[in-house]
Each structure stands twice: as structure tokens, then as C-alpha cells.
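Summary of the model geometry
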Amino acid sequence: MSDYILNGSESLGIEFGSTRIKAVLVDKNFQTLASGSHTWENRLENGYWTYHMDDVWGGLRSAFSELNSNVIKKYGAAITDVSSICFSAMMHGYLPFDKNGRQLCQFRTWRNTTTQKAAAELTELFNFNIPQRWSIAHLYQAILDNEQHVSDIARITTLAGYVHYKLSGENVLGVGEASGMFPIDSETGHFDEAMLEKFAALPAVSRYDWNIKDILPRVLNAGEYAGRLSEEGALLIDPTGRLKAGALMAPPEGDAGTGMAATNSVREKTGNVSAGTSIFSMVVLEKQLSRVYSEIDMVTTPTGAPVAMVHCNNCCGEFDAWVKIFGEFALALSAEISKPELYDLLYGFAFKGAADCGGLVTFNYFSGEPVAGLQDGRPLFVRTQGAEFNLANFMRSQVYAAISALKLGMDILEKENVKIDSLTGHGGLFKTPVVGQQLLADSVNAPVTVCETAGEGGAWGAALLARYLVDKNAGETLGDFLENRVFSHCTATTLAPSAQGAQGFNEYIELYKKALNIEAAAADNI
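In this report, the structure presented in the accompanying data block is examined. Being a predicted model, the structure only gives us computed values, none of them experimental. (Residues numbered from 1 in each chain as written. Predicted model: local features only at pLDDT ≥ 70, side-chain atom pairs only at ≥ 80, totals over all residues. Heavy atoms only, no water.)

Time to look at the side chain of N272. On the secondary structure map, N272 appears in strand β15 (residues 270-275). Overall, the relative accessible area of 0% leaves N272 in the buried class. Sequence-distant contacts of N272, defined by excluding residues within four places in its chain, comprise G259, M260, T263, S265, F280, S281, M282, L423, T424 and H426. (Helix = DSSP H or I, 4+ residues; strand = E, 2+ residues; numbered from the N terminus. Buried < 20%, exposed > 50% of the residue type's maximum accessible area, 1.4 Å probe, protein only. Contact = heavy atoms within 4.5 Å.)

Printed below as a string of C-alpha cells:
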């Protein structure tokens, strides 16, 4: 048993990811004491990707219960008190409520591509890119579609904001997550006033009794007070009643913001790539881009600095599906191989594949991919007649599929001469050492760093934001806090792109672009 003694000074980070809810407990030295998780999946219902709120609370309790069990095993005592908590969740989406707190429609997640008309109209109105997954796009599309629930709206929020509100009573959001609800003015750190006025003046909007300014959450920076855990909130996390109320609550963030914290990527010219169910890059800008790009989202760090984001809806899902197939084949042969071993084995084959995949092309589009201009998707594998069809090339094409859409957006930043001093990777793509890291470096033609904490993910990033709330020194910025105190002793590896790998990926991506017409036809006809 560890000599560490729980004393209530620990911080808790909980993140509602797309496939897993994870809880991480850290000490004052930012070390992970224990973690717990719960697996869940989105559902396609009534044309929308969604999660039920019962699953939110059941998953939260399950993840915390597993965390608590692991804490008891390691330290001989249960969690009864923590100093601070930060909740995070998959970014943006749409959750509307009436004045009595009643949910007005199903939760519409980031994965939905049903708001094309609204997003296009708002982008033109604001001269600012409004992606389809943003909350304001979902709201305006509901208005354009004359959905009945709109007239009853008293507030809208995201999943992170909803969970935080239920546990603290505070209707707030961290600025990074808020920047995916409605555009942020980086000078003020709040929603852009001019754009709020433009939206309110739209004829389709002005007929409602509510004002957009009143239904959005209050915006907070990292390190600002966002309430305390209530008695009711403590019971929602831990129905046994052992967890005490009163913990300080950090502003709730999206997985983009916690990913930036978890990779020390909040300063100018730093960036990160988060690769799991979806994949996205976040690059902190020195200056604004020269124009609006539909492929680039303008969001912020957890402290409000401008960030260029390339977000792709699809990443590791198709690779995971093939791992499952190979696992079934291994089982049929009575071969004993664990899931992690199988992943490592297949990633190893990918690393041996031809740099251009030998004429094989894979699309991992379970859902639409706006960066590629596609409203719907179908997983698809295509090969030329003379292709080198072997396991290594096939698996390499699966890894390439996970990063190809991201490449389309990153090329725009390169043309804009956006400077990136460091690009850090985290998430499932990087769990197997070297492979995903090297292939990503080849694809973006830039060095990629992976820290030893890469596997901790956004829940650990949320725990860091919770610690920043209670442990920051006077005047200490989040960048200084992360650089000097959290990551100063972190072991990291950096891999530079290889000339052969970069050339091969460029050849692959040209074939990939040509094959987009096939992917579009598949979505239209199957």
C-alpha cells in the first residue's frame, strides 16, 4: 500500500468524452493518484447523434465509483473530500432548457451535421466562421426550422456547462468552451457584443421574447471562481453520501481546452493534436488569420487567447472497428491476445507499410466531415488494380485515414504562415509509442512531441485546471503555471518528420483528395 495519505487537498478532474467518461484524482504535485472510467456510446435517434441525460448521471457515478474503489485499494481510504473540481465534456453541441430547468429537446452533440444552412448564414452575417457543431448554429437552425421548443428557451448550454450547473447551481462556462457556443471577443474575454446585436436583430430571431444575451452562460477565465459543489451535487457524484459538499469549482471546459492544458499548449505558437473518436488541432495564434476559412474554427485558450482550430469529426473509429474484426479472428484461432497487445501489433504493421500505402485509400467517415465538405459519411476502403494489398499497407492506410482530414485544414494554416514552435499529441492515437506520432509528424511536416502524460488525456487536463484555481500564485498566468510547475519535470519525446514519410504521405493525400468523390457517392447511395 502507498504511503500517501488522503487529506482532502487533492483535485478532481472529470471529462465526458465521446466514448468514455473518465475521472482523475491528482495531488498538489499534479501526480495522478488514481483514475476511474465508464464506457458509453452516442445514439442516432430522430436524425440526431445524442446521449440521454440518464446516461450522463449513471456514467458519472460509475466513473467516480471506479475511481473511489481504486483509491481504496491503493491508499486504504475512500474519497470524502477534495479541494477543487473541474468538469469537462465533448465540445459544444446544443442543450436548451426552459425557466423550470426542463430539457426542451434531445442533446444534439458536436457530431451532428444538420445545421449547414444556419452555419452558412451566420458565417456571412458575422464574417466569422460558424461551424455546424457550434451551439449558436444549432439554435439558429432550430429557429429556421420553426421548432416548437424555441419559444420556451430560458437558457442554452453545453454538456460541460449542464453538469457544472447541476452540481453547483452556477450557469457558467470556461471561455474556451464558450468560444464554441458563440464567437468570443479576445480583447474582452466575453461574447462578441457586435455579433450578439446582429444575431438579436435577425427577423427570425427578434420575434421571440428571449434575448440571446440572457440565455447564454456567463463566461469565466481559467482560475476564476465558478462556485462550490452543492449538497445535491455531491450526491449526484457519489450517492453513498461519503463525498462532502463545498469543493471549489473551476470553470467547466470543453475537451479542446482541457487538451490544451494537458499538453502545455496555451502560449503563442504552441499547438496540440487531440486524437480519439474525433481529431482536432489547436494552434495559439500570434495574429488573426487574413480571412475567414470554413475549415478553420476561431476559438480560444482557457484564458481567452485566440486559437485556430481544425476539427474533424472522425478519427480512430474505423481503426477500432478493424481491430475488433482482427480480435474476432484471433479468438476463432484460439489465440490468446489482449486488446492492448492487438493494438500494438496492428500499429506495428502500419509502421512497416509503404509511405504512400501502395495504392490503398481508406475513409473513416462514420459521420459527415465538414473539413472535407461532406455532410454525411460512410466508412470506405478503395484500392487500385495494381495496389500492393498487404496487411502493413492496409493498416497504414487506416492510420492515414485518421489524420488525412486534419491535413486538409493544417495545409491552410501553413499557407497563412502560422508559426508553430511545438505541436504536442495526446489521445488514443498516441498510446502505442512512435507510430501515430511519427506518421502525424510526416503528415503535417513538423515535429510532434508526446509527453509521458499523453495517455492521461483531458480528465487530467481538467484536474490541472482545478489545481490552478486553488494553487496559483498571485499574478501567475496559466502558461507560467503549466510551464514552470506542471511540465518542468515531464518526460517527453519529439519526432521530426522523415523526408521519405512526408513525401509518401503527400502522394497519398493527393489520391485521397481525388477519391473524395467516391466517398460522397457512397454517402448519397448507400
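Here the focus is the nonpolar core. Nonpolar side chains in soluble globular proteins generally cluster together in the buried interior. Within the largest apolar cluster, 172 residues are counted, with the highest numbers of intra-cluster contacts made by F16, F87, L139, L159 and F199. The biggest single contributor to this core is helix α13 (residues 391-415), with 12 residues. (Core = buried A, V, L, I, M, F, W, Y, C linked by side-chain atoms within 4.5 Å.)

What follows is about unusual backbone geometry. With a phi angle near 55 degrees, N46 is a residue other than glycine that sits in the positive phi range. By the element assignment, N46 lies in the loop between β4 (43-45) and β5 (48-50). We classify N46 as exposed; its relative accessible area is 68%. Within the chain, K269 stands out as a residue other than glycine whose phi angle is a positive 70 degrees. Turning to its location among the elements, K269 is positioned in the loop between α10 (255-262) and β15.

Before going further, it helps to spend a moment on empty space enclosed by the protein. Taking a probe equal in size to a water molecule and rolling it over the atoms shows the remaining empty space. Scanning all chains against the criterion turns up 4 cavities of 30 Å³ or more. Taken as a whole, the largest cavity encloses approximately 40 Å³ of empty space. Around the largest cavity, the lining residues are G174, L220, N221, A222, G223, A250, P251, E253, P302 and L465. Class assignment of the residues belonging to the lining of the largest cavity gives a composition of 6 nonpolar, 3 polar and 1 charged. (1 Å grid on protein atoms, 1.4 Å probe; cavity = no way out; pocket = protein on both sides within 12 Å on 5 of 7 lines; lining within 4 Å. Points joined across faces, edges and corners; volume = space filled by probe spheres on them. Nonpolar A, V, L, I, M, F, W, Y, C, P; charged D, E, K, R; others polar.)

Glancing now at the environment of A330. Secondary-structure assignment places A330 in helix α11 (residues 317-332). Each C-alpha atom, one on A330 and one on L342, is 9.3 Å from the other, the two residues being 12 residues apart in sequence. Leaving out residues up to four positions away in the same chain, A330 has contacts with A335 and I337.

With that settled, consider helix α1 (residues 53-75). With 23 residues, α1 should cover 33 Å at 1.5 Å per step; its first-to-last C-alpha distance of 33 Å lies within 8% of that length. M53, V56, W57, G59, L60, A63, F64, L67, N68, V71 and Y75 are the residues of α1 that are buried. Just downstream of α1, G76 is the residue with a positive phi angle, here 75 degrees. (Expected span 1.5 Å × (residues − 1).)

With the rule as written, the count across this model stands at 16 salt bridges. Notably, a salt bridge pairs E193 with K213, separated by 3.1 Å at the nearest N-O pair. Residue E193 is located in helix α6 (residues 193-201), and its partner K213 is located in helix α8 (residues 212-215); the two are separated by 20 residues in the primary sequence. With a relative accessible area of 36%, K213 lands in the partly exposed category. Across the pair R485 and E476 runs a salt bridge, and its minimum N-O distance is 2.8 Å. Judged by relative accessible area, which is 25%, R485 ranks as partly exposed. Residues participating in the shared-partner salt-bridge network are R43, E45 and D55. (Salt bridge = Lys/Arg side-chain N within 4 Å of Asp/Glu carboxyl O.)

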